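Each chain is listed here by its residues.
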Amino acid sequence: MKATATGLLVLVAIVYVLAKWAQNSGFGPWTGYVAAAAEAGMVGAMADWFAVTALFRHPLGVPIPHTAIIPTKKDQLGTSLGEFVGENFLSEDVVRRRLRSVGIGARLGDWLAEPANADRVTAELSTALRGALTVLRDSDVQAVVGEAITRRADAAEIAPGIGKTLDKIVADGGHRKVVDLVCVRAHDWLVLHSDQVMDAVQGGAPGWTPRFVDKRVGERVYKELLRFVTEMRDMPEHPARGAIDRFLSDFAVDLQSDTDTRMRVERLKSEVLGRGEVQDIIASAWSSVRRMIVAAAEDEQSELRLRVRAGLLSLGARLSADARLQGKVEGWAEDVAVHVVSTYRREITSLITDTVAGWDAEQTTRKIEAHIGRDLQFIRINGTVVGSLVGLLIYTVTHALGA
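Here the structure is a predicted model, which means the values were calculated and not measured. Position labels on residues start from 1 in each chain and follow its written sequence. Under the rules for a predicted model, residues below a pLDDT of 70 receive no local features and side-chain atom pairs below 80 are neither given nor counted, while totals for whole chains, interfaces and linings still include all residues. Working from all heavy atoms in the structure, the side-chain values ignore hydrogens and water.

### Section: the overall build of the protein chain
1) Next: Counting its regular elements, the protein chain contains 18 helices and 0 strands.
2) Next: Here the C-alpha atoms of the protein chain give a radius of gyration of 48 Å, more than 25% beyond the 22 Å that 2.2 N^0.38 yields for 403 residues.
3) Next: In what follows, a contact means two residues having at least one pair of non-hydrogen atoms within 4.5 Å. Counting contacts in the protein chain only where the partners sit at least 6 residues apart, residues at least 24 apart contribute 71% of the total. Labels follow the DSSP assignment, with helices taken as runs of H or I lasting at least four residues and strands as runs of E lasting at least two, numbered in each case from the N terminus. The size measure is the radius of gyration over C-alpha atoms, and the globule rule it meets is 2.2 Å times the number of residues to the 0.38 power.

In structure tokens, the structure reads:
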């Protein structure tokens, strides 16, 4: 394109020379019109050549003021470009208006409602979850989890809560099934271990008593014990069951209102939490949870991934049909986008400014000239053509008025 524009300049220059020669040789008045048009075309071509060249370098290497604009004003152009982007693309009104016109809620709903897209999002979330769990060091997480659980347990008094729960259980009769189970198991154990029970009783007798007396006492104790447990098992209204009910009710009240009982429970809680075995269990819980989550994330048929996929499909269907939910999602998206551009607008625009400032001036000039140079050469061509036409018009009007 440079050669074409320059060639057109050379052409009008040749035409001008030939027209002037023909005019001086008396070829007729038409030669004056041609010479005027060619002369004006040369002026237009040279003027536009100067303008185009001045954008990128000094014409003919002469440091004329206000030339070589791009290499000398590169940093200012970068700053202006950053400010332009910040004011016209990163303003709150522009961001909200653009996002509102996009209709993120409806589009997101339609997209998530497609099973293939829900599968894709589920897979990406699983990959991100596995990556996050892999990056985290077990020792750090275990320390945080252990410290958080211990601190939370130390800060909260558990006795009133236990008392309220126990009171509700006793009021609803939920403890009776436990008592039934204990009675059944105790009866079965006594039946299977009668000899051991009697031997234990006999072994506790004084050494001076006859052995047959010890045996009779052992048998008697065993029978009474078996009878007592059998009656408790078979009689829902047994006095011992009532005693258990009263004990648990009184204990529930003490847990909530008795200061000494509450203090003893707190001391017991502190002692239990302070044991190394308990701390090891708390710390090791993270390892178990992490393995479970990673395994679930890797298994495409795991309950975790199936539930996430179903949730995404359900969310997509609701977003597609519920205009109110769409409005909420769009409002959240707008708020997030506005927060980002408002908070980090300076960093975003400085990225443009610093990037342009880091470019080499000569290399930048060549890149820009390579991208827009073709259109700029058309300016030179147009300048030659328009200049010729304007010169011809002026020459014609001048001679017409002179005649």
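### Focus: the pattern of salt bridges
1) Next: Salt bridges are counted wherever a side-chain nitrogen of Lys or Arg sits within 4 Å of a carboxyl oxygen of Asp or Glu. In total, this model carries 12 salt bridges according to the counting rule given.
2) Next: Residues Glu334 and Arg100 are paired through a salt bridge, measuring 3.3 Å at the closest nitrogen-oxygen approach. With Glu334 in helix α17 (residues 323-358) and Arg100 in helix α5 (residues 92-102), this residue pair connects regions lying 234 residues apart in the sequence.
3) Next: Overall, Arg100 belongs to the partly exposed group, its relative accessible area being 49%.
4) Next: Between Arg220 and Glu224 there is a salt bridge whose closest N-O contact spans 3.3 Å. Of this pair, Arg220 and Glu224 are both found in helix α12 (residues 211-234), 4 residues apart, which corresponds to roughly one turn of the helix.
5) Next: One network of salt bridges, with partners in common, ties together Glu92, Arg96, Arg100, Glu334 and Asp335. Whether a residue is buried, partly exposed or exposed follows from its accessible area with a 1.4 Å probe, protein chains only, as a fraction of its type maximum: under 20%, in between, or over 50%, in that order.

### Structural notes on the packing of aromatic side chains
1) Next: In this analysis, rings of Phe, Tyr and Trp, with Trp reduced to its six-membered ring, are considered paired at centre separations within 6.5 Å, and the interplanar angle assigns stacked below 30 degrees, edge-to-face beyond 60, and tilted for intermediate values. All told, the structure shown has 3 aromatic pairs when counted by the stated rule.
2) Next: The interplanar angle of 80° and the centroid separation of 5.0 Å between the aromatic rings of Tyr33 and Tyr395 together place this pair among those described as edge-to-face. Here the residue Tyr33 occupies a position in helix α2 (residues 30-56), and Tyr395 occupies one in helix α18 (residues 361-402), the gap between them amounting to 362 residues.
3) Next: According to the relative accessible area criterion, Tyr33 is partly exposed, its value standing at 30%.

### Considering helix α13 (residues 239-257)
1) Next: In this analysis, the expected span of each helix is defined as 1.5 Å times one less than the number of residues it contains. If you check α13, its first and last C-alpha atoms are 27 Å apart, about what 19 residues at 1.5 Å a residue would give, namely 27 Å.
2) Next: Burial in α13 covers these residues: Ala240, Arg241, Gly242, Asp245, Leu248, Ala252 and Leu255.

### Section: the environment of Val386
1) Next: Summarising the element assignment, Val386 is placed in helix α18.
2) Next: Separated by 341 residues in the primary sequence, Val386 and Ala45 place their C-alpha atoms 9.2 Å from one another.

### A look at a nonpolar patch on the surface
1) Next: On the surface, a cluster of nonpolar side chains totalling about 460 Å² of accessible area is made up of Trp21, Phe27, Trp30 and Val34.
2) Next: With respect to the secondary-structure elements, Val34 resides in helix α2. Distance thresholds for patches are 9 Å for like charges and 5 Å for nonpolar side chains (Val, Leu, Ile, Met, Phe, Trp, Tyr), applied to residues having over 30% relative accessible area and no salt bridge. Throughout, the Shrake-Rupley method with a 1.4 Å probe supplies accessible areas, and for residues the shown protein chains are the sole cover considered.

### Quick word on the side chain of His175
1) Next: Relative to the helices and strands, His175 resides in the loop between α9 (159-172) and α10 (176-192).
2) Next: Pairs of N or O atoms within 3.5 Å make up the polar contacts considered here, provided that, within protein, one atom can donate a hydrogen while the other can accept it, and that residues adjacent in sequence are counted only when both atoms are side-chain atoms. Within the structure, His175 has its side chain in polar contact with the side chain of Asp245 (distance 2.4 Å).
3) Next: Once you skip the residues sitting within four places of it in the chain, His175 turns out to touch Ile169, Val170, Asp245 and Leu248.

### Re the nonpolar core
1) Next: Working definition of a nonpolar core: buried Ala, Val, Leu, Ile, Met, Phe, Trp, Tyr and Cys residues. They are joined through side-chain atoms within 4.5 Å. Core analysis: the biggest nonpolar cluster contains 7 residues, these being Ala159, Leu166, Val170, Leu248, Ala252, Leu255 and Val265.
2) Next: For this core, the elements supplying multiple residues, two or more each, are α9 and α13.
3) Next: With near-sequence residues (within four places) excluded, Leu255 lies in contact with Ala159, Pro160, Ile162, Gly163, Leu166, Thr261, Arg262 and Val265.

### Considering the environment of Ile64
1) Next: Structurally, the position occupied by Ile64 is in the loop between α2 and α3 (69-72).
2) Next: Each C-alpha atom, one on Ile64 and one on Ser126, is 63 Å from the other, the two residues being 62 residues apart in sequence.
3) Next: The contacts of Ile64, once residues within four sequence positions are left out, are Phe50 and His58.

### So, the packing of α10 against α13
1) Next: Here α10 crosses α13 at 135°, and the two axes come no closer than 12 Å. Comparing their axes, α13 and α10 come out oblique. Classified by chirality, the crossing of α13 by α10 is right-handed. On the side of α10, the interface is formed by Arg176, Val179, Asp180 and Cys183, while α13 contributes Arg241, Ile244 and Asp245.
2) Next: Here the residues of the contact of α10 with α13 are counted per class, giving 3 nonpolar, no polar and 4 charged. Note on method: axes are straight lines fitted to C-alpha atoms, helices fitted across the in-contact stretch only, with angles between N-to-C directions ranging 0 to 180 degrees. Working rule for angles: under 35 degrees goes down as roughly parallel, over 145 as roughly antiparallel, 65 to 115 as roughly perpendicular, anything else as oblique. Helix crossings get a hand from a simple test, with the near helix turned counterclockwise from the far one by less than a right angle marking a left-handed crossing and a clockwise turn marking a right-handed one. Residue type decides the class: Asp, Glu, Lys and Arg count as charged, Ala, Val, Leu, Ile, Met, Phe, Trp, Tyr, Cys and Pro as nonpolar, and the leftover types, Gly among them, as polar.

### Re the confidence of the model for the protein chain
Any region with low pLDDT has predicted coordinates that should not be read closely.
1) Next: The pLDDT value expresses, per residue, how confident the predictor is, ranging between 0 and 100. Taken residue by residue, the protein chain gives an average pLDDT of 83. The fraction at 70 or more is 92%.
2) Next: No element of the protein chain has a lower mean pLDDT than helix α8 (residues 138-155), at 69, and none a higher one than helix α1 (residues 2-24), at 91.

### Remarks on the packing of α2 against α18
Helix-helix packing: each pair is described by the crossing angle between the helix axes and the interaxial distance.
1) Next: It is the contact of α2 with α18, at a shortest axis distance of 6 Å, that shows an interaxial angle of 155°. With respect to their mutual orientation, α2 and α18 come out roughly antiparallel. Between α2 and α18 the crossing geometry is right-handed.
2) Next: Its residues assigned to classes, the contact of α2 with α18 comprises 15 nonpolar, 12 polar and 3 charged.

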